[in-house]
Amino acid sequence: MENTQLQAFIPLLYIVWSDNLLTEKEFATLQSFIDSQDWLSAEEKELLFSKITIANPPSRQDIADWKNKIEQSIQEQPAVKSIFEIAVVLSENNAVIQSLESSFVKLENDLGILGEEAIGNFKTKAKSHTVNSHTEASFDVQKITAILDGAQAPIINKVKSIISRPEFQYETSTDISVYRQKVFDWCKILAEENLGNMAYPKKYGGGENIADYFAIMETLSYHDLSLVIKFGVQFGLWGMSVQSLGTEKHYAKYLKDIGTLKLPGCFAMTETHHGSNVKGLETTATYNHENQTFTIHTPHEKAQKEYIGNAAVHGQMATVFAKLIIAGQDHGVNAFVVPLRDENAVVLKGITIGDCGHKMGLNGVDNGTIRFDQVVIPKENMLDRFASVNDKGEFESPIPSDNRRFFTMLGTLVGGRIGIPRSALAAAKSGLTIAIKYSDQRKQFGPEGGAEVPILNYRMHQRRLLIPLAKTYAVHFALQYLTQRFIDKTETEMQEIEGLAAGLKSYSTWSTTAILQECREACGGKGYLSENRIDALKNDTEIYTTFEGDNTVLMQLVAKNRLAEFRKSFGEMGSFGIINYVYENAKSAIAEKNPLAIRKIDEAHLLDSEFHLQAFQHREKTILASAARRVKKLIDNGLEVYDAFNVVQHQMIDMAEAYLDRVVLEQFQIAIAAVKDKKSKAILTKLNQLYALSQIEKNKGWYLEEGYMEAVKTKAIRKMVNQLCWDVRPDAVALVNAFAIPDSCLSSMFKHSV
């Protein structure tokens, strides 16, 4: 086909073979045409016949070469308007070919080729935005990784190095006893590396670094989530309950052995009939002053401890939450250290342990049930930081209020509501890394007659994955903020921090559940294969929305905290202050809801961070004020407080979501403001804009109902979300590479990807 005259046939050959099927009719038509061309030599005719042999089709490379020649000719001569004109260009303006226009046009018609449409397709392919979009990082990946890891980079890198070792190869056995033992063995390795005791005082062998502990939990979550939960139960719930609720005598007796995993233990709070309602627990701890002992007892089957990690196989002791009974009087829920097994793993007298068996996920964790039948423990086994029994056998507490003491006790355990959302965040990062890298490589469909394109180039696929990617980055910085607030906490801030932790636990885990489902679907059949890890991530994180507090219940707690703050603010203001507050808010609302603002759609405005924050704040304040007014009105009309809150539960959830949206956006903006590197700041700003506008788009019904925006503006926001997805697409792979997840922890599809 080097003969320039024969090059003229390339467009026809490409078109008839581009669908990989040459029909008998097409063959006969071409054969007749070639045979009728007297200007062709016998050898040239034979060569052309060889290109249309049905039994011997051209190779994929031949077809690709033909396509490239056609597209190159169009680029050189963009004014061409027909297949015949392309043929002339390819023949280098051969006079014979130029004289055959009517014959070529007739041949095109006989083959059913629509010349203008065909040339249009070629031109589209040559300059197609969809085809030409590709991965091309606009920033230094390592700099984003450094921003994400912050001061915890050394411990994060240490953990990544450990979980990349051969001994951390995934357990594939379907026998849960094998899986449980492997997870226990992994925990031993982590204990030997002094990771388990990271949060404990140095005096007892620990690292005295709670920030590093949370970073360990999050980084381990790139590996196996059963390991994370086992690790968290042993060193977090069990160890930190002793540290937070106990006193010096308990630290000296237990912490070192807990940190080295010499003393495996449990956190026995949840009961069959009292999951999130800790105040309603029915297990009792009855004090016997004569013997200086407590008797731990399960009054009936539904009061048994259930879903207790480490209980079914490995736990030797447990922090047990039970109602303290002294001389027949109930002093509320307190915590006690109760032995379960001896050093030989033999269950002790009075203890009955069941096995929860196979679960939807996390089958490397030995969840079990525990029942106590008049189990006697010594007095010193009461964790007595906030309550104790004195030498006279009387109840004592430095906190006189039963209610305040109860919530102070639970507040010390808020760390679990930081570890779980950070673990969920890592799972979302893993799922997005798998799905985005796959979507960048997986090709499907394309322009007519053209090559297939990466599915990440399609706008809906970008919406499915890049909006969640932006949200995941946003949640990352919000959880960093929560962690620091918890580390720097003061007593006066604790209620707010507890509410924030409860809210972000819900926000992060709900987000992960939705993201992993989207990632599974975005990977098609490949996402359904276990080897590609999304199934394990989905199944293991499913329970994250339930344990450490059911998400819907926690969101009610968040809403009640916000209402309490609202009432407190008005109480401190007095009547004159309230008038000013309402006036200032009204001025702000009037300014933001003026006819120009609610219709403003220029790009600078839509991408403005101040506009985003104002929109989020307006929604938060309006829903909060509306809920407060509604609750007050219901109560003023004679409804019981309990019933009033039940009536407005849906509005309470809306209030909590609006508050969390604002916190997440605000912390993302604050984090970006601190970034020095211009290219890093630019891509993070795009993600921030995408998160903000996608959340506004999600809640556009509310903004339209409130008159805060008009339809022309919400439509413009939708278009801008699409554009931002398109703009972020070239950086998508680099953005997930910035998570720096070890290859060994990713899908089998990407073990060696860059």
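Here we summarise the structure given alongside this text.

Rules used in this analysis
Residues numbered from 1 in each chain as written. Predicted model: local features only at pLDDT ≥ 70, side-chain atom pairs only at ≥ 80, totals over all residues. Heavy atoms only, no water. Buried < 20%, exposed > 50% of the residue type's maximum accessible area, 1.4 Å probe, protein only. Helix = DSSP H or I, 4+ residues; strand = E, 2+ residues; numbered from the N terminus. Pairing = 2+ DSSP bridges. Salt bridge = Lys/Arg side-chain N within 4 Å of Asp/Glu carboxyl O. Axes fitted to C-alpha atoms, helices over the stretch in contact; angles between N-to-C directions. Expected span 1.5 Å × (residues − 1). Arc of directions from axis to C-beta. Disulfide = S-S within 2.5 Å. Contact = heavy atoms within 4.5 Å. Nonpolar A, V, L, I, M, F, W, Y, C, P; charged D, E, K, R; others polar. Parallel < 35°, antiparallel > 145°, perpendicular 65-115°, else oblique. Left-handed = near helix turned anticlockwise from the far one by under 90°.

Next up on the list: the pairing of strand β9 (residues 375–378). The two faces of a sheet get side chains in turn, since along a regular strand they alternate between them. On β9, burial follows the alternation: Val 375 and Ile 377 on one face are buried, whereas Val 376 and Pro 378 on the facing-out side are not. Where strand β3 (residues 293–297) lies against β9, 4 bridges are found, and the strand directions are antiparallel. In the sheet register, Ile 296 faces β9, and the bridge partner there is Val 375.

Now for the pattern of salt bridges. In the structure shown here, the tally under the stated rule is 23 salt bridges. With its nearest N and O atoms 2.5 Å apart, the salt bridge here joins Arg 405 to Asp 402. Pair noted here: Arg 405 and Asp 402 are both in helix α17 (residues 402–411), with a separation of 3 residues, about one helical turn. The exposure class assigned to Arg 405 is buried, which follows from its relative accessible area of 7%. Several salt bridges share partner residues, and in doing so they unite Arg 165, Glu 167 and Glu 193 into one network.

Right, let's talk about the sheet that holds strand β4 (residues 305–308) for a bit. Sheet architecture is open: 3 strands sit in the order β4-β8-β7, paired in antiparallel fashion. Looking at strand neighbours, the two that pair on one side only are β4 and β7 (351–355), the edges of this open sheet. Within this sheet the neighbouring strands show an average axis-to-axis angle of 25°, counted without direction. Bridge count between β4 and strand β8 (residues 368–372): 2 bridges; the pairing is antiparallel. Bridge pairing in β8 places Ile 308 opposite Gly 368.

Look at helix α5 (residues 60–76): 24 Å from first C-alpha to last across 17 residues, which is about the 24 Å you get at 1.5 Å a residue. The complete set of buried residues in α5 reads Ile 63, Trp 66, Lys 67, Ile 70, Glu 71, Ser 73 and Ile 74. Buried positions in α5, seen along its axis, are confined to an arc of 155° and lie on one side of it. In α5, the exposed residues that point more than 90 degrees away from the buried face are Gln 61 and Gln 75.

Considering all chains together, one arrives at 0 disulfides under this definition. Free of any disulfide, Cys 356 has its nearest cysteine sulfur in Cys 266, 11 Å distant. Free of any disulfide, Cys 745 has its nearest cysteine sulfur in Cys 187, 15 Å distant. For Cys 745, a relative accessible area of 0% translates into the label buried.

Turning our eyes to something else, we now look at the packing of helix α11 (residues 141–149) against helix α19 (residues 459–487). Contact geometry for α11 and α19: axes closest at 10 Å, N-to-C directions at 35°. Between α11 and α19, the residues in contact are Ile 144, Ile 147 and Leu 148 and Tyr 473, His 476, Phe 477 and Gln 480, respectively. Taken together, the residues of the contact of α11 with α19 sort by class into 5 nonpolar, 2 polar and no charged.

Time to look at the packing of α11 against helix α27 (residues 678–698). α27 packs onto α11 with a crossing angle of 70° between their chain directions and a minimal axis gap of 9 Å. Here α27 runs roughly perpendicular to α11, going by the angle between their axes. Every pair of crossing elements has a handedness; the one defined by α11 and α27 is right-handed. On α27, the residues that touch Lys 143, Ile 144 and Ile 147 of α11 are Ser 680, Ile 683 and Leu 684. Class assignment of the residues belonging to the contact of α11 with α27 gives a composition of 4 nonpolar, 1 polar and 1 charged.

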